[in-house]
Amino acid sequence: MMKTPISSVCSLFLFFLFCTSDSTLAMYPVNYSVSVVLNFDTGFGKMGLSCIDMALSDWYASHPNYNTRLLLHQRNSPSDVVLSAAAALDLIKNVEVQAIIGPASSMQANFMINLGGKAHVPIISFSATSPSLTSIRSPYFFRAAQNDSSQVKAISDIIQAFGWRQVVPMYVDNEFGEGVIPYLSDALQEIDVRIPYRSVISPTATDDQIEAELYKLVTMQTRVFIVHMLPSLGSRIFEKAKEIGMMDKGYVWIVTNGISNVFGSFNSSFVTENMQGVLGLKTHVPDKKKLEAFRVRWKKKFQQDNPTAINVNLDVFGLWAYDAAKALAIAVEKVGSTKTFTYQKMNVSGSSNDLERFGVSLIGPQLVQELLGTSFRGLSGDFSLVNGQLPSSTFEIVNVIGTGENVVGFWTPENGLVRNLHSTKSISRSSASNASLGSIIWPGDTSSAPKGWQIPSNGKKLKILVPLKDGYNEFVNVTYDTSTNKTKVIGGYCLEVFEAVRKALPYDISYEFYAYAKPDGETAGSYNDLVNQVFLGNYDAAVGDITIRANRSLYVDFTLPYTESGVSMIVPIEDSKSKNAWVFLEPLTWDLWLTTGCFFIFIGFVVWVLEHRINEDFRGPISYQVGTSFWFAFSTMVFSHRERVVSNLARFVVVIWCVVVLILTQSYTASLTSMLTVQQLQPTVSDVNFLLKNGDNVGYQEGSFVYGILRQLGFRDEKLQTYNSTEDLHRLFQIGSTNGGISAAFDETPYFKVFPKDSPLARDVSRAILNVNEGGQAKKIEDRWFNRHSSCPDPNSKVSSNSLSLESFWGLFLIAGVASVLALLIFAGTFLYEHKDMLICSDSEDSSWKKLCDILKQYDLKDQKSHTFRREGQSQIGAESVSVEQSPQSTPYTDHGHSPKGQSQIGAESLSVEQSPQSTPCTDHGQSPRETEPQQFGEIEPAIELAQGPRGNQ
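A look at the environment of Phe-809
Along the chain, the position of Phe-809 falls in the loop between helix H26 (777-785) and helix H27 (810-834). Residues Phe-809 and Leu-664, 145 residues apart in the sequence, show an inter-C-alpha distance of 8.2 Å. When sequence neighbours within four positions are dropped, the list of residues in contact with Phe-809 reads Leu-592, Ile-663, Leu-664, Ser-667 and Leu-804.

Shown next, in the form of structure tokens:
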């Protein structure tokens, strides 16, 4: 009976003991040893430490129930890499810290990262931004800051927006400066921007060394500089640049966030005097109100802890330090207080190396995972360690004006350059305007964007190379003076064009021509060798009759051509004017002649069909009708036909045919006139394959690249002849290929200017060439140098007349044919409809052929109902005498299809009137039943025929 109370008491005791231990843990949280390795002798180190302290105190004050606390161990780490490595080694070996916050620089971080990886101790840096640290690929390194490579895309977008083609990066000679250059080079290469020079400044450079490097930059054309270095060295660069005039108009200075993020630490008077007009990229902090509240608290605490520190301002590195400490506190709490915080000693026997004797943190791997999974909204914005570092975020584009900075735009990874963060419209990448970035004041207190380059102002003239030619001095005239033993550049078409282009440039350039010749006056090499001299940098440009070729464009830049360019074949011409007796047949091709003749016959037939029954001009004997049809059709060619056309359908056909004939005759006349009067110049050779097949000799200008092209086409060396002047070319043509001359010549038609690869001057010169061409000045120069010596007719004025073919007129024939067929169909339909009774009343036993013959016989008869015959009869009734024959009954038709007539002649005007009082029944001859009905005399419809002398049966 006593067991139950005893067990209850034991249970209560154990519960009380558990609660007591849990309360004890809450009252006495477990301390995690972490260290802060910074240079506390500098304002940067003091700012970082104060931000870390405030982060931990703020976090644990708002989370008093946390079971863990970070216990900071401070180690002063000067800029010396060895001393910082020794401090880290001491902390890992003797203090056994679980994490290290720091160091400040990328150089110090390199060795410390390796120590952390060996001891499984996370290294968290808020200021080591060099991309080279990423290559170490240690899972124990965390960059609580933005990688410097994240800003190269923003820099390239700015450069592309303003159209600059060359930039010079200036960076410090250490891991911080060198780490970003490969990424910057790749970004600039994507937008086709060239880096002609890299200015590397030693971190220990003296003022004289800095000044010497800047003077070297002054002698170059590029005026866009990207500065990537620490503020201590950067301030000295700008001070010296101001002294030697590199902060004047025409210069562009862009600084990375290594300087822009700490603008506040610069003395205001220094900024006003030395950095006006500088553009910079600055990390954007989104929550400005929260930042200002923290800034006030930090300023107060910092002054209490560091009363002697002056000119120390809070910047984004302090915010990253604050967020890094907060992230570490959260991660440690997630690991928990029940874990073992000790190191596991490594069993390394017989070794006295400290690097091998220190242990390995047991919670290191778990702490790494918790850090990677930690995210929150910090002072600097959204905090998360993606792949061990802060992801790319927004940059502010700031412009130094007065004592401060003005935000002129933003750059975001999603939209690129934007005027404000609420806009999603990115700036045009081909735009050279700064309007979308707001108002920018450039060095020299100017608001117009610099062009990014200029001719050096140190008195150096451009060295321009000119080719030496044995002939064709109109292009480039270079002579050798025997009295002075010097080669002089006299002038020429190409040089005069260059001078006109130079005057069209918006700025002045000084230059000096150099002949590409040896001391004895001979040419120093081929045109390829001349181009190579520009590529090697021995000359600034080359001017002359230089042709652009694919292999040359790999090494130099060509301007736009100021005349047409290419390779031309020159051949003799012959006058092909026709002088034979049959030249009148040549204007039309045989198929057009044949088609035209067939249509004349066809139109004559159509008109005969439409006019035969109602027009006396198209009746009579067969031979007469055929002759009349042909005569009528062909006379339309000269519009001399005299026969009347009374049918509307025939008139319709004739009008359309006359239009066709008019066009044909006019075209024939024009073509024949051209053949007989205009000079016809035709080339003797029009195909290169013809020359190869016949084995003819061809020529080319000595020293020209055309030789290589001819060899590729298949011409052998023995078939190639060279010439140096127009006189040589004329002589070779006169001799002919069979006598050692040539049948054709190949020559280049070049006119380009050559500049070094990616030279900004090439673009401006090309634009000036367009202005010269559009203004007509280039044409005047060409006329002045070439037309005054011209004795050959202009080949562009020659007319090459070809015979007219059916392809040019088939549409006209189609219209005429369709109109004629349509008229025939309408006539046939009307005729058959009027005489349908002949088909209906015909004996059903009659054959189709007999019916067809009856229809044709009926067609051959006069259409007595036609108004043409009625009008003639009525006009003659009122004449002097009329003979009227009246029969009580109509007479059957004869075999010829004509009704017998009574004739009465009254002098020259005899009229025969046939009148049938009644019709006979339907006969085999095809009369309609209506004609068989008896008619009253008053209903007789007379047919009056004007007899003009004896005629045949009609």
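Some details on the packing of H27 against helix H29 (residues 848-860)
Between H27 and H29, whose axes approach to 12 Å, the crossing angle comes to 105°. The angle between the axes of H27 and H29 places the two elements in the roughly perpendicular class. Taking contact as the criterion, the partners of Phe-827, Phe-831 and Leu-832 in H27 are, on H29, Ile-855, Gln-858 and Tyr-859.

A short note on the pairing of strand E16 (residues 395-401)
Most of E16 is tucked away, with 6 of its 7 residues classed as buried. Across 5 bridges, strand E10 (residues 279-283) lies against E16 in antiparallel orientation. Residue Gly-280 lies in a different strand from E16, and its bridge partner there is Val-398. Two strands pair when backbone bridges link them, and E16 and strand E17 (residues 404-412) are joined in this way by 7 bridges, in the antiparallel orientation.

Comments concerning the packing of helix H21 (residues 648-677) against H27
Running from amino to carboxyl end, H21 crosses H27 at an angle of 170°, the nearest separation of the two axes being 9 Å. Taken together, the axes of H21 and H27 lie roughly antiparallel to each other. Residue-level inspection shows Leu-649, Phe-652, Val-653, Ile-656, Trp-657, Val-660, Ile-663 and Leu-664 of H21 in contact with H27, the latter providing Leu-812, Phe-813, Ile-815, Ala-816, Ala-819, Ser-820, Ala-823, Ile-826 and Phe-827. The residue inventory of the contact of H21 with H27, partitioned by class, reads 16 nonpolar, 1 polar and no charged.

Regarding the packing of aromatic side chains
According to the stated counting rule, one finds 32 aromatic pairs in the structure shown. Aromatic side chains Trp-59 and Tyr-66 sit 6.0 Å apart centroid to centroid with 80° between the ring planes, which places their arrangement in the edge-to-face category. Looking at Trp-59, the relative accessible area reads 14%, which means it is buried. Measuring from centroid to centroid gives 5.4 Å for Phe-317 and Trp-320, while their planes differ by 85°, and the two rings are edge-to-face. Remark: Trp-320 and Phe-317 occur in helix H13 (residues 316-335); sequence separation between them is 3 residues, near one turn of the helix. The buried category is assigned to Trp-320, whose relative accessible area is 3%. Every member of this aromatic cluster is reached through a ring pair, and the members are Phe-599, Phe-600, Phe-602, Phe-630, Phe-634, Trp-657 and Phe-813. Seen from the ring of Trp-453, Lys-451 lies directly overhead, with NZ or CZ sitting 5.6 Å from the centre.

What counts as what
Residues numbered from 1 in each chain as written. Predicted model: local features only at pLDDT ≥ 70, side-chain atom pairs only at ≥ 80, totals over all residues. Heavy atoms only, no water. Helix = DSSP H or I, 4+ residues; strand = E, 2+ residues; numbered from the N terminus. Contact = heavy atoms within 4.5 Å. Axes fitted to C-alpha atoms, helices over the stretch in contact; angles between N-to-C directions. Parallel < 35°, antiparallel > 145°, perpendicular 65-115°, else oblique. Buried < 20%, exposed > 50% of the residue type's maximum accessible area, 1.4 Å probe, protein only. Pairing = 2+ DSSP bridges. Nonpolar A, V, L, I, M, F, W, Y, C, P; charged D, E, K, R; others polar. Phe/Tyr/Trp six-rings, centres within 6.5 Å; stacked < 30°, edge-to-face > 60°. Lys NZ or Arg CZ within 6 Å of the ring centre and 35° of its normal.

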